[in-house]
Protein chains: 8
Amino acid sequence: MKKPEVALVMGSISDLDTMQDAIGILKDFNIPFVAKVLSAHRTPKDLEAFVTAMEQVGVKAFIAGAGGAAALPGVIASFTTVPVCGVPIETKSLKGLDSLLSIVQMPAGIPVATFAIGKAGAKNAALFVLSLLALVSPGLLKKVRRFRKKQARAIKKIKVKA
Amino acid sequence: MKKPEVALVMGSISDLDTMQDAIGILKDFNIPFVAKVLSAHRTPKDLEAFVTAMEQVGVKAFIAGAGGAAALPGVIASFTTVPVCGVPIETKSLKGLDSLLSIVQMPAGIPVATFAIGKAGAKNAALFVLSLLALVSPGLLKKVRRFRKKQARAIKKIKVKA
Amino acid sequence: MKKPEVALVMGSISDLDTMQDAIGILKDFNIPFVAKVLSAHRTPKDLEAFVTAMEQVGVKAFIAGAGGAAALPGVIASFTTVPVCGVPIETKSLKGLDSLLSIVQMPAGIPVATFAIGKAGAKNAALFVLSLLALVSPGLLKKVRRFRKKQARAIKKIKVKA
Amino acid sequence: MKKPEVALVMGSISDLDTMQDAIGILKDFNIPFVAKVLSAHRTPKDLEAFVTAMEQVGVKAFIAGAGGAAALPGVIASFTTVPVCGVPIETKSLKGLDSLLSIVQMPAGIPVATFAIGKAGAKNAALFVLSLLALVSPGLLKKVRRFRKKQARAIKKIKVKA
Amino acid sequence: MKKPEVALVMGSISDLDTMQDAIGILKDFNIPFVAKVLSAHRTPKDLEAFVTAMEQVGVKAFIAGAGGAAALPGVIASFTTVPVCGVPIETKSLKGLDSLLSIVQMPAGIPVATFAIGKAGAKNAALFVLSLLALVSPGLLKKVRRFRKKQARAIKKIKVKA
Amino acid sequence: MKKPEVALVMGSISDLDTMQDAIGILKDFNIPFVAKVLSAHRTPKDLEAFVTAMEQVGVKAFIAGAGGAAALPGVIASFTTVPVCGVPIETKSLKGLDSLLSIVQMPAGIPVATFAIGKAGAKNAALFVLSLLALVSPGLLKKVRRFRKKQARAIKKIKVKA
Amino acid sequence: MKKPEVALVMGSISDLDTMQDAIGILKDFNIPFVAKVLSAHRTPKDLEAFVTAMEQVGVKAFIAGAGGAAALPGVIASFTTVPVCGVPIETKSLKGLDSLLSIVQMPAGIPVATFAIGKAGAKNAALFVLSLLALVSPGLLKKVRRFRKKQARAIKKIKVKA
Amino acid sequence: MKKPEVALVMGSISDLDTMQDAIGILKDFNIPFVAKVLSAHRTPKDLEAFVTAMEQVGVKAFIAGAGGAAALPGVIASFTTVPVCGVPIETKSLKGLDSLLSIVQMPAGIPVATFAIGKAGAKNAALFVLSLLALVSPGLLKKVRRFRKKQARAIKKIKVKA
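Bear in mind the structure is a predicted one, so any value in this text is a computation, not a measurement. (Residues numbered from 1 in each chain as written. Chains lettered and ligands numbered in written order. Predicted model: local features only at pLDDT ≥ 70, side-chain atom pairs only at ≥ 80, totals over all residues. Heavy atoms only, no water.)

Chemist: Any details on the packing of helix α4 (residues 97-104) of chain C against helix α4 (residues 97-104) of chain D? Residues and values, ideally.
Modeler: Running from N to C, α4(C) and α4(D) point in directions that differ by 105°, and their axes come no closer than 8 Å. Classed by the angle they form, the pair α4(C) and α4(D) counts as roughly perpendicular. Between α4(C) and α4(D), the residues in contact are C:D98, C:L101 and C:S102 and D:D98, D:L101 and D:S102, respectively. Counted by class, the contact of α4(C) with α4(D) contains two nonpolar, two polar and two charged residues. (Axes fitted to C-alpha atoms, helices over the stretch in contact; angles between N-to-C directions. Helix = DSSP H or I, 4+ residues; strand = E, 2+ residues; numbered from the N terminus. Parallel < 35°, antiparallel > 145°, perpendicular 65-115°, else oblique. Contact = heavy atoms within 4.5 Å. Nonpolar A, V, L, I, M, F, W, Y, C, P; charged D, E, K, R; others polar.)

Given below as structure tokens:
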């Protein structure tokens, strides 16, 4: 198994359906990663241990998905200077507005890069990590640009049957 | 100095103005307490150490005030089974709606008792802690009831100059 | 039948589905309790009589679930100094944001401890009451800590099939 | 002193500034009224006594202003079938959205007529009460219609200096 | 057919499902009423004609349900001094928050009594009209009080199967 | 005086400060216009008469600014097929969110073109009307394009003193 | 094929279901139009090329539907002075509130006419374009007025089965 | 002058006060950067040219601050695969909620890393860029870690004068 470049954490196994959109991108681009369920509130010490371990093996980014009072991405960022990307999970009552504000409104000093609520956010968090890794990998940069072009072509060839 | 019964934590010294309304109640009722500035995001390990220490000296409740992505009360609750009361601090842009949702929308399993945004919430968190301490202190219960009566009398004697 | 330690009230029988998550916790921990449907608006005098009676039999906490203009927890708190825990019930149109604000934004002077909208809030209100009861019951404290550990273990052993 | 036709209640003396806009209308139209500060949460029994007394002296409407978890209008309505008009007071953090939802989202069975947040709501609650009283008072009806016409004329004669 | 006492208007036939809860109350209490679909935006002149005609036949109240940019209740109130009760209809995207704000936030000068979003609001608007009619009808007052008692009894006899 | 091409209406003279940003644009481009204070709620018949008169003199667009339950633009649109542009005025409590939803959420069938809350919206409503008039006026089109270029140049020459 | 008078753009093919309500109106009134899927974010250069081409063929209006961070209408408006009408598409989590604010809150200088979230907005955007085209087409004006009358008649003949 | 590593863009010079908190961090850490005012809506072509130029000189990240319908960060991201960090600027009416949703709710395919509304977000965007640059610069990593420790120490030494 290759050394992981990305650590993906989710606060609950029910978040996996959303986070699959991040996992799919990492797999498509052959980025080695670790994926874990760990909770800022229910497994605080295990989370700290995991973050420290991942920093030591040299991951380049964390992707953390959480819902409600979504402390997970911020707590990870409190333990590391490795870039942390937060994905607000849609919630039953408040539809992820709670998750979004809990992640994005970080106090000055500990940054968390936040993405859209739900699957679009999960996918974009992974794409953002690719951009970041591509800064030092011309091979990956090429692939990311190819992905963008393919994405554009797919849109352009749609015919609207009005 | 007496052994503290309550530990009061705030995420930033700028929260003190709000938290004074909790401190005022604790002082009026002669409840020994400790007050600290500690941040879930900027001083995670010190926060954990403080929570553990306070649990060991036997505090009966935590009161935690925080604003924005207000992880503080939930992170305290992740380290202890002592009751944690959260006070959402009013924020500049979103007026504390962010703080409120970040504190109240805790996932099932780790409870945080949440109070109103701002000074009313700070005062009520302290009054709630008194109610809780009064469960095993008939003397305090009497004082709390007297406070309630005095509060009612103060309202009743207001004359509206219409 | 044992003397109740907790009084659980809901504003409508339709709230029972949510409040079962509180009831489940109280049962799992063998906490004797009373559960009633009473409305702050439709049965105000019966509610007052019930609160007074429960205070006299010595309950240690109220758990009150209500939706919409959710006056129930605050009105209970207006009649007693026993700790009151409020659970905002999810509503059809505003998804419980109305319930949440009606419960959490109590004026200074009468505290209500508020928990998350819906089932997570119901479960956490009950867990919070356990923490409160555990302050004077080493046996219960042990059980609560065991619950926390079990909960953590359950999360840690999840394998993410990425 | 004449028998009151309207009872005006506010949850706190700080609400008086807003409620003056209701009082002004009642005075302008010579409607006898009583104005009191009483709190659903801090003086529940006095509130109940007041509502019952006012119903007995035959008031035709209640106007109740309250802020935050604004239970006041709903609790008044729980004790009487006399029409209750609620005025949401603007609050410091949430600007009266909390007050509005706490008043307007009453459960089916106990109606509260709700008006706009702040002074416009206070004025309109009083104007609404006039309309209601005018149903059985041709003299008042005439005055209300004259008020409407005067109001329209005042707008129509404005010249915009563009 | 008896002379109508209440005019019920809705902005679209799709609002009927909600407004049935108002109609049901009016029928249960034998209040003669007229029910129409008329739109402030699509049939402005017919609406004005209807309001004027209803005022002339002597209706005592309007109940108006509308959704989205719900101008209907305010426009009715602009044509009459008869009390107008507004019911915000739940909408597809914004769940009736748009309807609520469009109805309740009336400018000072033209009052509209607003009720909860959806069926609870429709039922309460009708119950409020009963209260208003009961001011001059001892027979109706008795019925309204009986309704309240029956409603309370129905709640009190619920047994919670915990 | 030249025949007006645009009719600008505001619901209250207090809206003039905002609407000046529309008036300024109309003046800068020498578009003849009429500006009036008229209220959908307080002067409904005068409003209807004004809209009809303006349609007859051949105005090409209405610009209507209103706040709160802002029925004005929609009511204007109910009386004419001339394009109506709505400007939500910022309100004291809800900051114009009420105005925005009351204007933009029009039911299908009667269109109102909505712009941003406050002065930006007023300015853009006027600029939009210019675009519309420019469709049949090559001279005006040239001026609008020149305005755009000047606007771009003004931005491009800003030096950031970092 | 006739020269298009309107260019309709949507950010994703999933928006077509909503935009059909605009297309339906354009077809019913025999307005020649072009409909395309183009994304401000994924196909920026193609979008610019399309807008420029459409301006050159002389379209009189753009109708653009987009969801989430809905930059599409504003970006189109940045490339042309032809009137742009924006339709906020309902989104999964935030129900189109995100789309609405992203479209309507344009900065002063570049106007976008915004319509309601979803199908009502799509239909009204097309109706608004008709009003605009009718300014220079007496034939179309007649048809638009006939549409309005037919719409009113359809409402007026509804019988409410209460 | 050194080759820039970061390009900082703001939509209006009025955003500079907020963006100074990003600039301050870049200066403190001696990161060469370019700062420009460019608008997605008012200077679209200049913005595209600037983004392309910056990508060619090899900047490692963009930081873009914008308010209202804040298309700027997303439009930058549409032209480059270099990581883009978005800062929602607080707005007058909606306090930056509009800016936040316009930036964070990007559709899947084009990522923008979003930070908190206002100065905290500006500072954290810059700190996040440092983390990203530190991935390939051990010297910078050391400095970032020192910054974190200093920040923690500053908090820990605060004494609360209760």
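From this point on, the discussion continues.
Chemist: Give a detailed account of the arrangement of the chains, specifying residues and quantitative values.
Modeler: With respect to C-alpha atoms, chain B approaches chain E no nearer than 17 Å, and the pair has no contact. You won't find any contact between chain E and chain H; their C-alpha atoms come no closer than 16 Å.

Chemist: Describe the relation of the copies chain B and chain C, naming the residues involved and giving the relevant values.
Modeler: Least-squares fitting of chain B to chain C yields an RMSD of 0.0 Å, with the transformation described by 0.0 Å of translation along the axis and a rotation of 180°. Here the symmetry operator amounts to a two-fold rotation axis. In this assembly, 100% of the residues forming the interface of chain B have copies in chain C that are likewise at the interface, indicating an isologous arrangement. (Least-squares fit on C-alpha atoms with pLDDT ≥ 70 in both.)

Chemist: Tell me about the interface of chain H and chain B, and name the residues and values.
Modeler: Every contact between the two is made by 12 residues of chain H and, on the other side, 18 residues of chain B. On the chain H side of the interface with chain B, the three residues burying the most area are H:I155, H:V160 and H:A162, jointly 41% of the side's total. The interface formed by chain H and chain B includes two salt bridges. The partner of B:D46 in a salt bridge is H:K156, and the shortest N-O contact between them spans 3.2 Å. Looking at which element gives the most residues to the side of chain H that touches chain B, the answer is helix α6 (residues 138-156) of chain H, with four residues. Partitioning the side of chain H that touches chain B into residue classes produces seven nonpolar, one polar and four charged. (Buried area = accessible area lost by both parts, 1.4 Å probe. Salt bridge = Lys/Arg side-chain N within 4 Å of Asp/Glu carboxyl O.)

Chemist: Pulling in residues and values, what's your account of the interface of chain B and chain C?
Modeler: The extent of an interface is frequently quoted as the accessible surface area lost upon association of the parts. The partner chain C presents 39 residues to the 39 residues of chain B that form the contact. Its largest share of buried area at the contact with chain C, chain B owes to B:T81, B:P111 and B:R148, together 20% of the area lost on that side. The interface formed by chain B and chain C holds two salt bridges in total. A salt bridge links B:R145 to C:E55, with the shortest nitrogen-to-oxygen separation between them at 3.6 Å. Across the contact surface, chain B and chain C share 19 residue pairs in polar contact (both at pLDDT 80 or more). Listed by contribution, the elements that provide at least two residues to the side of chain B that touches chain C are α3 (72-79), α4 (97-104), β5 (113-114), α5 (119-134) and α6 (138-156) of chain B. Looking at the side of chain B that touches chain C residue by residue, the classes come out as 25 nonpolar, nine polar and five charged. (Polar contact = N/O pair within 3.5 Å; in protein donor to acceptor, adjacent residues only side chain to side chain.)

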